[in-house]
Amino acid sequence: MRIVLTSDQSLTSTFRDIPLLDFLPCAPIERVPRIIYRLLDSQLPEKNGRLIYAPYAIRKVEAALLNSGFKREEIVVAHPKKLECFIDDKTTIVGINTMDPYGLGPVTLMFTDGGKLTSYSKYFFTTLVKRLNDYRERKNYKFKIVVGGPAGWQLKMKQDLTEKLGIDHVVSGECEHVIGDIFRDIESGSVDRFIDIKTMPRIDEIPTIVNPSYKGMVEVMRGCGRGCKFCSPNLRTARFYPIEKIIEEVNVNVKSGLRRAWLHSEDIFNYMVEDRKNFYPNEDAVITLFEETLKRVEFANPTHATVAGALAAPKILKRIAELNHANANRWIGVQVGFETASSELIKKIANNKMKPFSAEEWPWVLLNGTYAFNKFFWFPAYTTILGIPGETDEDEIETARLIVTMERRLKEKLGERAHFTVTPLAFVPMGSFKEADFFDVNENLTRGRILHLYYAWRHLAYEVEHSLNMVIKDKLTFLMFYPLAKLGSKIVVDSIRKFAIKKGINVDRPLEPMDLKISKIEV
């Protein structure tokens, strides 16, 4: 086979369809026993070594290669455990898609003590590359190992390790419009180890996938446009897929038997946005997108959203909930950036994130936006950032106080319908902050950051105990995973408490909630 495409094993697991367990590879192998990981690691189905469903990024590369003149019989998308079935003396390239090859991602750094421990993502990636190298040497084959994905910066940052592993080329950037030429240049030996693509494809240069994607994922836009300084996607120009192109990909997945769709964007409320000054959502466009998608599938949810967009356009939340038949046992999950509760800090690092509201309203937006989400059975999984350049300890305490405020006010207003999680991430220098230093989890935990960590994880432990049964539908999976999740979250909370005590910090001393109120939602 001329071209063999794959990913490391962390990206081909369904993790028993447990929400947010896709982050399990961020955990360290030294602390999460391999028997537990294997118990939760349910791999994507394959037929004779070929992935039936594959990560969306690989499907895009596959389609782009076909679009640029490579033949179907020359390309295979293979399961990482079955690569040797397709590699022979005619193989020129083995392409590997990866998300976190060296364990330097924001979530991973939090779990691995700033990279001192080895994440499963790093373990699976390096093991795969070493296996390929051994096979290449043993068979005396000449194929090139080419790695791509959003984490190309990690392979460039640790060039010594990249060279030691025998990785021949690293491709960074959006590639659909040039990947055919790049692969041919690699085959001819006329290209550097690190290939940085400086241009971006037009929407009409991005081909439609030809085979089904994992989770029925379909991209609806690229870039964002809000300009958050810490975020790499914001450096890309916002481009929107026309609905016809999106539905083409939905249909590819439906034909394979998939009945759910994940509509991927950096912010679903930015889809087809016309108001680039205040970012008021294009309600009709977003609702039409879901109406058309849900004519073909049984359930569709977005991957990412902004809380400001949700609060500005609750009509979208309500209509999508109706289309999905959302209720107390059928929630719409979405990942949302919380970042910080500090109005001053959010103004400095993400001055458009709160629009169409003001920076001064940011804590109120987070509280009321979560109320809007929950009112219509949307479950936001928030992320915050520890160690943002320019933050103060008071900023961190404000974040902890807002978590407490959200717990109380939402419970008072919504009762058992109040749900959210907050996951703190370590600052990683990306976007406009790429010259800054990594946040050192071990050395830089101040009182405010410890309180931020503690209250976020305390609330996560609460949600594990009170809402996990709502989001895990398979009873056997729930019975297996629930005690592990409950124990694991308790261990994390207790560990933070013990660490705080050593630092002379009393995390059990109640924090004063913010003086914020929930306003009526008009739809």
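Residues numbered from 1 in each chain as written. Predicted model: local features only at pLDDT ≥ 70, side-chain atom pairs only at ≥ 80, totals over all residues. Heavy atoms only, no water.

Trainee: Would you explain the overall build of the chain in this entry?
Mentor: If you tally the helices and strands in the chain, you get 16 helices and 17 strands. For the chain, the C-alpha radius of gyration of 23 Å lies close to 24 Å, the compact-globule estimate for 523 residues. With the C-alpha coordinates aligned to their principal axes, the bounding extent of the chain is approximately 70 × 55 × 45 Å. Expressed as a percentage of contacts within the chain between residues at least 6 apart in sequence, the contacts between residues at least 24 apart total 80%. Surface exposure of the chain reaches about 22300 Å², of which carbon and sulfur atoms provide 51%. Between the averaged position of the 74 positive side-chain charges in the chain and that of its 67 negative side-chain charges there is a distance of 3 Å. (Helix = DSSP H or I, 4+ residues; strand = E, 2+ residues; numbered from the N terminus. Rg over C-alpha atoms; globule rule 2.2 N^0.38 Å. Contact = heavy atoms within 4.5 Å. Areas by Shrake-Rupley, 256 points an atom, 1.4 Å probe, with all protein chains shown as cover. Lys, Arg positive; Asp, Glu negative; His and termini not counted. Charge placed at Lys NZ, Arg CZ, Asp CG, Glu CD.)

Trainee: Any chance you could explain the environment of Ser-343 here in plain terms?
Mentor: For Ser-343, the position within the fold is in helix α12 (residues 343-349). Remark: the alpha-carbon pair of Ser-343 and Pro-363, spanning 20 residues in sequence, is separated by 7.1 Å. Setting aside chain neighbours within four positions, we find Ser-343 in contact with Ala-359, Glu-360, Trp-362 and Pro-363. From its side chain, Ser-343 meets the backbone oxygen of Ala-359 in a polar contact 3.1 Å long. Within the local environment of Ser-343, its side chain forms a polar contact with the backbone oxygen of Glu-360, the two atoms lying 3.5 Å apart. (Polar contact = N/O pair within 3.5 Å; in protein donor to acceptor, adjacent residues only side chain to side chain.)

Trainee: Where do I start with helix α16 (residues 475-502) in this structure?
Mentor: Because the α-helix completes a turn every 3.6 residues, residues three or four places apart line up on one side. Helix length check: α16 (28 residues) gives 41 Å between terminal C-alpha atoms against 40 Å at 1.5 Å per residue, within 8%. The axis of α16 is deflected most strongly, by about 35°, at Phe-481, and proline Pro-483 appears within four residues downstream. By the burial criterion, the buried members of α16 are Thr-477, Phe-478, Phe-481, Ala-485, Ser-489, Val-493, Ile-496 and Ala-500. Those residues of α16 that are buried lie in contact with α1 (34-40) and α15 (447-471). Where α16 starts, the residue carrying a side-chain oxygen 3.3 Å from the main-chain nitrogen of Leu-476 turns out to be Asp-474. Positive backbone phi, approximately 80°, marks Gly-504, located one or two places after α16. (Expected span 1.5 Å × (residues − 1). Bend = angle between axes of the 7 residues up to and from the residue. Buried < 20%, exposed > 50% of the residue type's maximum accessible area, 1.4 Å probe, protein only.)

Trainee: Could you clarify how one ought to interpret the pairing of strand β7 (residues 169-172) in this entry?
Mentor: The side chains of a regular strand alternate, residue by residue, between the two faces of the sheet. Alternating residues of β7 divide into His-169 and Val-171 and Val-170 and Ser-172, and every residue in both groups is buried. Pairing of strand β6 (residues 144-148) with β7 involves three bridges; the strand directions are parallel. Bridge pairing links Gly-148 to Val-171 in β7. Here β7 runs beside strand β8 (residues 194-196); their pairing, made up of three bridges, is parallel. In the strand pairing of β8, Val-170 is matched with Phe-194. (Pairing = 2+ DSSP bridges.)

Trainee: What exactly am I supposed to notice about the side chain of Ser-121 here?
Mentor: Along the chain, Ser-121 turns up in helix α4 (residues 120-139). Taking the relative accessible area as the measure of exposure, Ser-121 reaches 5% and is therefore buried. Dropping the residues within four chain positions of it, Ser-121 is found in contact with Ser-10, Pro-25, Asp-100, Pro-101 and Gly-103.

Trainee: Help me out: how do you make sense of the nonpolar core in this one?
Mentor: Soluble globular proteins: nonpolar side chains tend toward being buried together. In terms of nonpolar packing, the biggest core is built from 140 residues, with Phe-290, Phe-373 and Tyr-382 touching the most fellow members. Take this core: its biggest share by element is 10 residues, from α15. Aside from chain neighbours lying at most four places away, what touches Phe-373 is Phe-269, Thr-306, Val-307, Ala-310, Leu-317, Val-334, Val-336, Trp-378, Pro-380 and Tyr-382. Among the nonpolar cores identified, the runner-up in size contains 25 residues, and Ala-54, Phe-70, Val-77 and Val-146 belong to it. (Core = buried A, V, L, I, M, F, W, Y, C linked by side-chain atoms within 4.5 Å.)

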